[in-house]
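Examining the three-dimensional arrangement
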Amino acid sequence: MMLPDTHWIVGPGALGRMIGLRLATRPAPPIAVALIGRRLLPAEQTLVTPQGETLSVRLATATLESLPAAPPAVVHLTTKAYAAEAAHAALAPHLPPGTPLVLWQNGFGCQPSLSQRHDGPVLCATTTAGAYLEDNLEDHLEDTLEDKVTSDTRVVHAGKGETLIGALEEGYPENADTLADELATMLTAAGLPARRVSDIRQRLWQKLAVNAAINPLVARFGIRNGQLRDRPFRPMVEEIIVEVAGILAAEGIAPPGLEGSGTTDSGQKSERLAGWQALVWRVVEGTADNRASMLQDVLAKRPTEHEAILGPLLAVARAHDLATPRLAELAGWLEARELAGLTDTC
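Remember, predicted model here, so these are calculated numbers, not experimental data.

Criteria and cut-off values
Residues numbered from 1 in each chain as written. Predicted model: local features only at pLDDT ≥ 70, side-chain atom pairs only at ≥ 80, totals over all residues. Heavy atoms only, no water. Buried < 20%, exposed > 50% of the residue type's maximum accessible area, 1.4 Å probe, protein only. Helix = DSSP H or I, 4+ residues; strand = E, 2+ residues; numbered from the N terminus. Arc of directions from axis to C-beta. Contact = heavy atoms within 4.5 Å. Core = buried A, V, L, I, M, F, W, Y, C linked by side-chain atoms within 4.5 Å. Pairing = 2+ DSSP bridges. Right-handed = clockwise from strand over helix to strand, strands pointing away. Salt bridge = Lys/Arg side-chain N within 4 Å of Asp/Glu carboxyl O. Axes fitted to C-alpha atoms, helices over the stretch in contact; angles between N-to-C directions. Parallel < 35°, antiparallel > 145°, perpendicular 65-115°, else oblique. Nonpolar A, V, L, I, M, F, W, Y, C, P; charged D, E, K, R; others polar.

A word on helix H2 (residues 84-91)
Within the sequence span of H2, burial applies to Ala84, Ala87, His88 and Leu91. Summarising the axial view, the buried residues of H2 lie within an arc of 100°, below the 170-degree limit, and thus occupy one face. Every exposed residue of H2 that faces more than 90 degrees away from the buried side is listed here: Ala86 and Ala89. Considering only its buried residues, H2 is in contact with strand S1 (6-10), strand S6 (74-77), strand S7 (101-103) and helix H3 (110-117).

Some thoughts on the nonpolar core
The nonpolar side chains of a soluble globular protein tend to be buried with one another. Judged by nonpolar contacts, the single largest core of 67 residues is most densely connected at Ile214 and Leu228. No other element matches helix H5 (residues 200-221), which puts 12 residues into this core. Discounting chain neighbours no more than four positions away, the residues touching isoleucine 214 are Asn225, Leu228, Val280, Val283, Val284 and Ala292. With 37 residues, the next largest nonpolar core counts Met18, Leu179, Ala180 and Leu183 among its residues.

So, the pairing of strand S2 (residues 32-37)
The element S2 is extensively covered by neighbouring structure, given that 5 of its 6 residues are classed as buried. By the bridge criterion, 5 bridges tie S1 to S2 in an arrangement that is parallel. Residue pairing across strands places isoleucine 9 opposite leucine 35, the latter belonging to S2. For the segment spanning S1, helix H1 (residues 14-24) and S2, crossover handedness is right-handed. Sheet topology note: the S2/strand S5 (residues 60-63) ladder contains 4 bridges and is parallel. Residue pairing in the sheet places glycine 37 in a bridge with threonine 63 of S5.

A closer look at the pattern of salt bridges
In the structure shown here, the tally under the stated rule is 14 salt bridges. Close ionic contact of arginine 58 with glutamate 44 constitutes a salt bridge, the shortest N to O distance being 3.4 Å. Linking arginine 58 in strand S4 (residues 54-58) with glutamate 44 in strand S3 (residues 44-48), this pair joins segments that are 14 residues apart in sequence. Of the residues examined, glutamate 44 reaches a relative accessible area of 43% and is grouped as partly exposed.

Some points on the packing of helix H6 (residues 233-251) against helix H9 (residues 306-319)
At a minimum axis distance of 9 Å, the contact between H6 and H9 shows a crossing angle of 70°. By the angle class used here, H6 and H9 are roughly perpendicular. Where H6 abuts H9, its residues Val244, Ile247, Leu248 and Glu251 lie against Leu313, Val316 and Ala317. When its residues are assigned to classes, the contact of H6 with H9 shows 6 nonpolar, no polar and 1 charged.

As for the environment of proline 71
Mapping proline 71 onto the fold places it in the loop between S5 and S6. Each C-alpha atom, one on proline 71 and one on threonine 6, is 8.4 Å from the other, the two residues being 65 residues apart in sequence.

What follows is the structure, given as structure tokens:
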């Protein structure tokens, strides 16, 4: 099948707007995009590319309470993980049966349940591309943020990366591979390199490892991704990678390129640890100027996705009696922050 060129972006934060603007500004044929959020966004939207180029376009905008009259060909659900199921519940009654749904959430929480619940094919996507909403404190992350104003019209595509797409259950639905191939081709043509994979569950866990090593630290200390390469943060990242590698070994998840290798030999364990280190530092390098999504949430005094990112890892650690002092400390800080009323970093 050919995907018609009408895409709804539901939950258009930084990632959602980047996807929508990339699709809407790609070379011909153009793709119609609607940004659907809790509040109505301005129609004029601008994307700042990693090369500093500005791409502006006028998009359809709507809210969940007032959806576009024409049904979508594809729905991209780009809400935060903790909001995904509620957003889908509000949206689902208005979708024709069989509408493809693409889940872009961090972590590994809502994907299995929504894959079962949605009346149509469901694809999961994971990306290492980075984006953030431009604001009036662009180069002053360390300053007081009382006067911070986030743009409703400009999103910065700050880090290049790869997007992987696939269905959780191999071969289901029957057209999942075709849909994933078509969407990957469409995204690649729009400037977001993408490809279909048959093992998206493993890829989601691999992305979870990257998120766990980057997001909590940059949120805790109010820094950009690239600053993790320097002291005092680099040793902290290395400690987290060791903890995450042990957790994922217990879960049977290997880093990219080492899938299917054993875990009993000490040499293989060292190889896997090196694989996780290479993956994390490659993403840090590629997104050095980016503000990770969890940092954006902290700066905006919003809830974070710490439960979706750290929760699955800590649950596996508890099940296997694995010590995770660094992950536990970061999870505790993020939980305490939200209980205290969403205060700033540090």
